[in-house]
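# Coordinate inspection notes
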Amino acid sequence: MRIVLLGAPGSGKGTQAKLMVERLGLLHISTGVLLRNAAKRGTELGLKAKSIIDRGELVPDDIMSDMVEERLGREDVADGFILDGYPRNLAQAKSLDTMLERLGKPANQAIQIDVDLEQLIERIARRAKEQGRADDSGEVVRNRMRVYHEQTAPVIDYYANRGLLTHVLGDGRVEEVLERILSVLNVNHAPA
Ligand code: AMP
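Before going into details, it helps to say that this report is about the structure given with it. None of these values were measured; they are calculated from a predicted model.

### Describing helix α7 (residues 138-161)
Because an α-helix packs 3.6 residues into every turn, residues spaced three or four apart end up facing the same way. The end-to-end C-alpha distance of α7 is 35 Å, a good match for the 34 Å that 24 residues give at a rise of 1.5 Å each. Along α7, the sharpest change in direction is near 45° and occurs at H149. Taken together, the buried positions of α7 are V140, V141, N143, R144, M145, V147, Y148, T152, V155, I156, Y158 and Y159. Residues of α7 that are buried sit in contact with β1 (2-7), α3 (44-53), α5 (90-103), β4 (109-114), α6 (117-131) and β5 (165-169). Trailing α7 by a residue or two, G163 shows a phi angle of about 75°, which is positive.

Below is the structure:
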């Protein structure tokens, strides 16, 4: 299974992806995690990315496509993956298609996790406290939301037009959201 997970900042993509990894044994590829790790290691790319992340902007497409292409080219991707945080605009969506076609591994499913704005803001505020992510507070969050609506939201239609998209309601307990996702994927529900 090759899944693209979509949703606004705070919609629970990362949380759901981790649970899906446990349940389905798929590989989780999060571009946000890859970038934050590069920043922690202090690589040139990481430091450049950090200043962009800290402003809530998008890291340039060429950097992102190199990073994703390198990751998708590794052997552990053979059994499928959950892509979280990529693509974030239409150019990235097209470039991902090209990469996956070249690898002979097109995406089979895109899932958009829908959460209303009020709840997103609440969740991000909680995450800011729990995880201390610098880009989860104040003006930066507002910027990330703006970037999401202007650049990332069109990606939803891109996958809808290709017949790959399903919307999943992202409110309620994390386990409930997971069950909704698993039923979209036609995977057995949790054991009783
Ligand atoms: P995330 O953890 O997915 O919310 O990503 C955190 C930040 O990393 C974003 O606000 C962007 O600055 C950057 N980032 C992550 N994925 C991408 C991407 N596909 N394209 C550009 N920037 C990204």
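Following the structure, the description resumes.
### With respect to the layout of surface pockets
As a volume, the second largest pocket reaches approximately 210 Å³. Breaking the lining of the second largest pocket down by element, the ones donating at least two residues are α2 (31-41) and α3. The element contributing the most residues to the lining of the second largest pocket is α2, with 3 residues. For the lining of the second largest pocket, the residue count by class is 3 nonpolar, no polar and 6 charged.

### Remarks on the packing of aromatic side chains
One pass over the full model with this rule turns up 1 aromatic pair. Seen from their ring centres, Y158 and Y159 are 5.3 Å apart, and the 85° between their planes marks the pair as edge-to-face. Accessibility assignment for this pair places Y158 and Y159 in one class, buried.

### Some details on the sheet that holds β4
Strands sit in the order β2-β3-β1-β4-β5 across an open sheet of 5 strands; the sheet is parallel. Strand pairing shows two members of the sheet lacking a second neighbour, β2 (27-30) and β5, which therefore form its edges. On average, each strand axis in the sheet is inclined to that of its neighbour by 25°, with strand direction left out of account. Sheet strands in contact with α7 are β1, β4 and β5, and its direction is about 140° off that of β1.

Procedures and definitions
Residues numbered from 1 in each chain as written. Predicted model: local features only at pLDDT ≥ 70, side-chain atom pairs only at ≥ 80, totals over all residues. Heavy atoms only, no water. Helix = DSSP H or I, 4+ residues; strand = E, 2+ residues; numbered from the N terminus. Expected span 1.5 Å × (residues − 1). Bend = angle between axes of the 7 residues up to and from the residue. Buried < 20%, exposed > 50% of the residue type's maximum accessible area, 1.4 Å probe, protein only. Contact = heavy atoms within 4.5 Å. 1 Å grid on protein atoms, 1.4 Å probe; cavity = no way out; pocket = protein on both sides within 12 Å on 5 of 7 lines; lining within 4 Å. Points joined across faces, edges and corners; volume = space filled by probe spheres on them. Nonpolar A, V, L, I, M, F, W, Y, C, P; charged D, E, K, R; others polar. Phe/Tyr/Trp six-rings, centres within 6.5 Å; stacked < 30°, edge-to-face > 60°. Pairing = 2+ DSSP bridges. Axes fitted to C-alpha atoms, helices over the stretch in contact; angles between N-to-C directions.

Shape is all these values report; function is a separate question.
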